[in-house]
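What the coordinates show
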Amino acid sequence: MITLYDMTDAYQRVRVLAETEGEGVADWATSLADIAEAMETKVGNMGALVREWKAESEVYASEVRRLSARQQAIDARIKRLEWMMQTAMQEIGIDKVGNGTLTVRLQNSPPSVEVLDESIIPSTFKRAKLDMPLSELPEGLEYMAEVSVNRRAVLDALKAGAEVQGTRVVQSQHIRLY
């Protein structure tokens, strides 16, 4: 089966030969017409294939949306059940429950920082972000930056024994299934 690329190349070669040779114009015209007709058929078939693939792609996209919605619903149910188990276990003081095939356990999460008052946090624990290349930032325009708390730096300082105003360490728990 000849490719569209090969047909285009053949058409161009025949056209150049027809222009340079000039003899047998009817033969050249017939050859060019035959190649053009084959190209039209090929392009039409390719167009039909593209249309079919677009329809198939839309079916897949629709299925992805459907499955994504289903996944979100299941994730929400999981989160709700884990919250219910954690709350119940914490309220009655149980750290571990097992039934032989499954163990549910409360586990401490890594420490995290809770920001109580961002306005009193020292600037050494804040980050500034601009939406432009750093090399183009003129000096003195830091006020245009988006400022956020560097929670990792705050946590490291608090762990090292420093006091960072406006923050505190929070130790939470989460459910762990074995």
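Figured I'd write up the structure that's included with this text. Just so it is clear, the model here is predicted, and its values are computed rather than measured. (Residues numbered from 1 in each chain as written. Predicted model: local features only at pLDDT ≥ 70, side-chain atom pairs only at ≥ 80, totals over all residues. Heavy atoms only, no water.)

**As for the overall build of the protein chain**
For the protein chain, the count of helices and strands is three helices and seven strands. When the helices and strands of the protein chain are read in sequence order from the N terminus, they spell out α-α-β-β-β-β-β-α-β-β. A globule of 178 residues ought to have a C-alpha radius of gyration of about 16 Å, yet the protein chain, at 35 Å, is considerably larger. In terms of its C-alpha atoms, the protein chain occupies a principal-axis envelope of roughly 100 × 60 × 20 Å. Counting all 178 residues of the protein chain, 15% fall into the buried class. Long-range pairs, those at least 24 residues apart, make up 63% of the contacts in the protein chain with a sequence separation of at least 6. Element-wise, carbon and sulfur atoms account for 56% of the exposed surface of the protein chain, whose accessible area totals about 13,900 Å². Averaging the locations of the 21 positively and 27 negatively charged side chains of the protein chain gives two centres separated by 15 Å. (Helix = DSSP H or I, 4+ residues; strand = E, 2+ residues; numbered from the N terminus. Rg over C-alpha atoms; globule rule 2.2 N^0.38 Å. Buried < 20%, exposed > 50% of the residue type's maximum accessible area, 1.4 Å probe, protein only. Contact = heavy atoms within 4.5 Å. Areas by Shrake-Rupley, 256 points an atom, 1.4 Å probe, with all protein chains shown as cover. Lys, Arg positive; Asp, Glu negative; His and termini not counted. Charge placed at Lys NZ, Arg CZ, Asp CG, Glu CD.)

**So, the side chain of Ser109**
Mapping Ser109 onto the fold places it in the loop between β2 (103-108) and β3 (112-115). Taking the relative accessible area as the measure of exposure, Ser109 reaches 13% and is therefore buried. For Ser109, the residues in contact, after removing those within four places along its chain, are Gln171, Ser172, Gln173 and His174.

**Considering the side chain of Lys42**
If you trace the backbone, Lys42 turns up in helix α2 (residues 25-92). Excluding anything up to four places from it in sequence, Lys42 contacts Met1, Ile2, Thr3, Leu4 and Met7.

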